[in-house]
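Here's the letter readout for the chains.
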Amino acid sequence: MSSCSLFGLLLLACLHCSVSAEQRKLSPDNLLVITAATEETDGFKRFMRTAREFNYTVKVLGLGEEWKGGDVARTVGGGQKVRWLKRELIKHSDEHELIVLFVDSYDVIFASGPEELLFKFSGFGHRVVFSAEGFCWPDQRLAPKYPTVHTGKRYLNSGGFIGYASDLSTIVQQWKNKDNDDDQLFYTKIYLDKNQRTKYNMTLDHRSRIFQNLNGAVDEVVLKFEKAKVRARNVAYDTLPVVIHGNGPTKLQLNYLGNYVPTAWTHENGCGICDDDLLFFNDVPDEDMPLVYVAVFIEQPTPFLDEFLDRLTTLNYPVARIRLFIHNNVVYHERHIQRFWERHRLLFPDARLVGPEENLQQDQARSMAVEACKKDPECDYYFSIDCDVAVTNPDILRILIEENKPVIAPMLSRHGKLWSNFWGSLSPEGYYSRSEDYIDIVQAKRTGLWNVPYITQVYLVKGSILRSKLAQVSLYVQEGMDPDMVFCRTIRDQGVFMFVSNRDEFGRLVSSSNFNTSRLYPDMWQIFDNPMDWKEKYINENYSKIFEEPEKFVEQPCPDVYWFPAFSDKMCDELVETMEDNGGWSGGKHKDERLAGGYENVPTVDIHMNQIDFEKEWLKFLKEYIVPVTEKLYPGYYPKAQAIMNFVVRYRPDEQPSLRPHHDSSTFTVNIALNSKGKDYQGGGCRFLRYDCKVEAPRKGWSFMHPGRLTHYHEGLPTTQGTRYIMVSFVDP
């Protein structure tokens, strides 16, 4: 072997020994994380949670002290942090093996542990490394003085840096400024001094190997799902930073990343933080449950309000621990409030009702309600709910309280739609923007607790937060802004996190966009916009049992004549009253101008659905509720659910008591009883002549279904007393 080759091997061996020795020095035992915080905000708690997850040793400076470092979110400042660090590092100035990582806390999370951090720090070959960003702040005139950088971010950011304690101590001992002077400017001037930069062997993390500052780099950072953990990946430099810093206006992006990084939510384990800090009330007596101020807001005409109000009485929560406030700004809904109050006033003796006569604007009403909780030291929670929220989970209050969050909303959406009560992101102008995970959250493909920038319509706020962080701010009133926007922006500005939970099914949102209050019962027309609410109100409660227990809920009184539950009593009553209110009954004559040919072969006293503008709603009912039953009972036939003749018939002894034998012009006929024999009328019924089979006691809300033309020749039996109403539809003529 030549002497040159031997020398090269010896040199390589020496270098390897040198690197190994250096890496042995950088043990996690010799790492101290220092941060600054005057109070334990939501952001601070998140930071500490990620620090604990990776077993970082953290020293917190400033807890409980008054912040004198200025409003760093809007202008220069932060010098107080340097003063605290100067005082702390004096204790460690002689610890030459100690590595100190200084980071902010309110807007920082850890994505990885000490081992990776120290390995990457060692790889720099420098004794002090500051994070870097794309903006020269706070003095842009200093930009030309920075060393040239060919790739990566050029400018120093003081929100994160790492170095040997002895060097960092010497650096911060130079601080002689005021608490509200700028910390970043202080570190910048030291870095730009070439002599000092050389003396302390300083560099910047230009390519985000350790530190990721999000300001100016939001589009560079994406989530990287690994096995049972999540990283933030910088796609510009293909790096996986250890420290994520939501500096400047990127707090919301950090919140989004923090919903996942490092294990807040993973594909393998789902939500990793949902069971942290839960409250439990299983063994708490009713009289000791938290006091909740429930505020209801009726700001526009909204369908299904009776049902909404009734649900307030069925919450699984002691009513003695509820203080009810209702603001109704809609004259049309006064009747609903009156009915509710007459039935349930004893449940809520301390309730306050504010009606439209008080001419209170929405923002004023919301302020009035929340101020009541603020002023009552016994108010534990404030629960705000708008009338377009259909709560189907009676445990909603208990669930949200047990989550133990400062502000939390149950995730709700319109049935079958992506329209929900939260936003996953905001546009630069502060309005809706769809986050990458929005659809998965709405559709419950990802379930958990989500830190979001906007919630509306229903949410729970801790009373303690209202009386502390939110005590001096206006939560709803600001010129030119909607109350919900003011509320969310104020919450964000105070550093309070808003969460939305889709861990449980809570209910849905009701659409009011096509609600026409000129109709007698406008809820009837909501089958398209609010199909679930329509079903709950108007479909017989036993309808689903047709498919689950057909032997109990489908009868066959005559051959191929089936009898099953269809309408609720409410639907029957409202349909009859709507027809009587319309009053356009035909005379039961053969001449009928409503028909295309102007002639009815077997006339009845009736009103057609198109006379009340209910035709398309009725056809929707046929498609959604009659077709599935038809396919089950007449296997092999697949209905088109087309029908031209859809009408309510009225039978009276002195008007038209019966109907002569006839065939229906249909493939099959639906005949639904709209009132009760023995109570509303006597007699009536139907006889199928070919089978000499009678059905004389039709049940209210139940439907006959039988073949039409050819086989089921039938007649209407005489009504001898009272008035009988039936709904008839000739399907697939």
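Computed from a predicted structure; not experimentally measured. (Residues numbered from 1 in each chain as written. Predicted model: local features only at pLDDT ≥ 70, side-chain atom pairs only at ≥ 80, totals over all residues. Heavy atoms only, no water.)

Caption draft 1: Just the overall build of the protein, in detail. The secondary structure content of the protein amounts to 20 helices and 40 strands. Referenced to the eigenvectors of the C-alpha coordinate spread, the extents of the protein come out at roughly 120 × 75 × 50 Å. Evaluated residue by residue, the protein yields a buried proportion of 55% over its 733 residues. Counting contacts in the protein only where the partners sit at least 6 residues apart, residues at least 24 apart contribute 78% of the total. Carbon and sulfur atoms form 49% of the exposed surface of the protein, whose accessible area is close to 32,900 Å². (Helix = DSSP H or I, 4+ residues; strand = E, 2+ residues; numbered from the N terminus. Buried < 20%, exposed > 50% of the residue type's maximum accessible area, 1.4 Å probe, protein only. Contact = heavy atoms within 4.5 Å. Areas by Shrake-Rupley, 256 points an atom, 1.4 Å probe, with all protein chains shown as cover.)

Caption draft 2: Structural context of the packing of aromatic side chains. The final tally for this structure, using the stated rule, is 44 aromatic pairs. For the ring pair F102 and F161, a centre distance of 5.2 Å and an interplane angle of 25 degrees mean the geometry is stacked. Here F102, found in strand β3 (residues 99-103), pairs with F161, found in strand β6 (residues 155-164); they are 59 residues apart in sequence, far enough to count as distant. The same class applies to F102 and to F161, which are both buried. The positively charged end of R197 is found above the aromatic ring belonging to Y191, 5.2 Å away from the centroid. Positioned above the aromatic ring of F499 is the side chain of K405, whose terminal nitrogen or guanidinium carbon lies 5.0 Å from the ring centre. (Phe/Tyr/Trp six-rings, centres within 6.5 Å; stacked < 30°, edge-to-face > 60°. Lys NZ or Arg CZ within 6 Å of the ring centre and 35° of its normal.)

Caption draft 3: View of the packing of helix α9 (residues 305-312) against helix α10 (residues 334-344). Running from N to C, α9 and α10 cross one another at 30 degrees; their axes reach a closest spacing of 10 Å. Considering the angle they form, α9 stands roughly parallel to α10. Crossing handedness for the pair α9 and α10: right-handed. The residues of α10 that touch α9, namely those facing L305, D306, L309, D310 and L312, are H336, I337, R339, F340, R343 and H344. Of the residues assigned to the contact of α9 with α10, the class counts are 5 nonpolar, 2 polar and 4 charged. (Axes fitted to C-alpha atoms, helices over the stretch in contact; angles between N-to-C directions. Parallel < 35°, antiparallel > 145°, perpendicular 65-115°, else oblique. Left-handed = near helix turned anticlockwise from the far one by under 90°. Nonpolar A, V, L, I, M, F, W, Y, C, P; charged D, E, K, R; others polar.)

Caption draft 4: Local environment of the state of the cysteines. A full pass over the atoms with the stated rule returns 3 disulfides. Note that C558 is cross-linked by a disulfide to C693, the S-S spacing being 1.8 Å. Looking along the S-S bond of the C558-C693 disulfide, the torsion reads about -80 degrees, which is the left-handed sense. Taken together, the residues span a long stretch of sequence, with C558 in strand β28 (residues 555-558) and C693 in strand β36 (residues 693-695) at a distance of 135 residues. Overall, the relative accessible area of 3% leaves C558 in the buried class. Numbered by position along the chain, the disulfide-linked cysteines of the protein connect as 1-2, 3-4, 5-6. C387 carries a free sulfur, and the closest cysteine sulfur to it, the one in C488, is 18 Å from it. (Disulfide = S-S within 2.5 Å.)

Caption draft 5: Spatial organisation of the nonpolar core. Residues Y382, F422, I455 and F487 are the most contacted members of the largest nonpolar core, which totals 54 residues. Discounting chain neighbours no more than four positions away, the residues touching I455 are V407, A409, N421, F422, F487, C488, M498 and F499. (Core = buried A, V, L, I, M, F, W, Y, C linked by side-chain atoms within 4.5 Å.)

Caption draft 6: The arrangement of the sheet that holds strand β38 (residues 714-716) in detail. Strand order in the open sheet formed by 4 strands is β32-β38-β35-β36, with antiparallel pairing between adjacent strands. This sheet does not close on itself; its edge strands, each paired only once, are β32 (659-662) and β36. Taking each pair of neighbouring strands and ignoring which way they run, the sheet shows an average axis angle of 15 degrees. The pairing of strand β35 (residues 686-688) with β36 spans 3 bridges and is antiparallel. Its bridge partner being in β36, R687 is matched across the sheet by K694. (Pairing = 2+ DSSP bridges.)

Caption draft 7: Main features of the environment of L223. Relative to the elements of secondary structure, L223 occurs in strand β9 (residues 221-226). Given the relative accessible area of 17%, L223 is considered buried. Each C-alpha atom of the pair L223 and V235 lies 10.0 Å from the other, and the pair is 12 residues apart in sequence. Non-local contacts of L223, meaning those with residues more than four positions away in its chain, are made with V230, R231, Y256, L257, Y260 and V261.

Caption draft 8: Geometry of the side chain of H714. In this fold, H714 is placed in strand β38. The exposure class of H714 is buried, given its relative accessible area of 6%.

Caption draft 9: Summary view of α9. Among the 8 residues of α9, 6 are classified as buried, and the element is accordingly described as predominantly covered. Here α9 has its buried residues at L305, D306, F308, L309, R311 and L312.

Caption draft 10: Inspection of the sheet that holds strand β17 (residues 381-386) at higher detail. Strand order across the open sheet formed by 8 strands is β16-β15-β14-β17-β25-β19-β26-β23, with mixed pairing between neighbours. At either end of the open sheet lies a strand with only one pairing partner, and these are β16 (352-354) and β23 (449-452). If you compare each strand with its neighbour and ignore which way they point, the axes differ by 20 degrees on average. Pairing of strand β14 (residues 292-298) with strand β15 (residues 322-328), which is carried by 7 bridges, proceeds in the parallel orientation.

Caption draft 11: Structural view of the pattern of salt bridges. Going through the model one piece at a time under the given rule, you end up with 43 salt bridges. Between K81 and D183 there is a salt bridge, with the nearest N and O atoms lying 3.5 Å from each other. On the criterion of sequence distance, the pair formed by K81 in helix α3 (residues 79-89) and D183 in helix α6 (residues 183-192) is long-range, its members being 102 residues apart. You'll find K81 and D183 in the same group, each marked buried. A salt bridge links D179 to R83, with the nearest nitrogen and oxygen atoms 2.8 Å apart. On the criterion of sequence distance, the pair formed by D179 in the loop between α5 (165-172) and α6 and R83 in helix α3 is long-range, its members being 96 residues apart. The exposure class of R83 is partly exposed, given its relative accessible area of 31%. The structure contains a network of salt bridges with shared partners spanning E307, D523, K537 and E574. (Salt bridge = Lys/Arg side-chain N within 4 Å of Asp/Glu carboxyl O.)

Caption draft 12: Broad picture of unusual backbone geometry. In this chain, W137 is followed by P138 through a cis amide linkage whose omega measures 5 degrees. Tracing the backbone through its elements, the reader meets P138 in the loop between β5 (128-133) and β6. Backbone torsion omega between V261 and P262 reads -10 degrees, so that peptide bond is classified as cis. Mapped onto the fold, P262 is located in the loop between α8 (251-258) and β12 (265-266).

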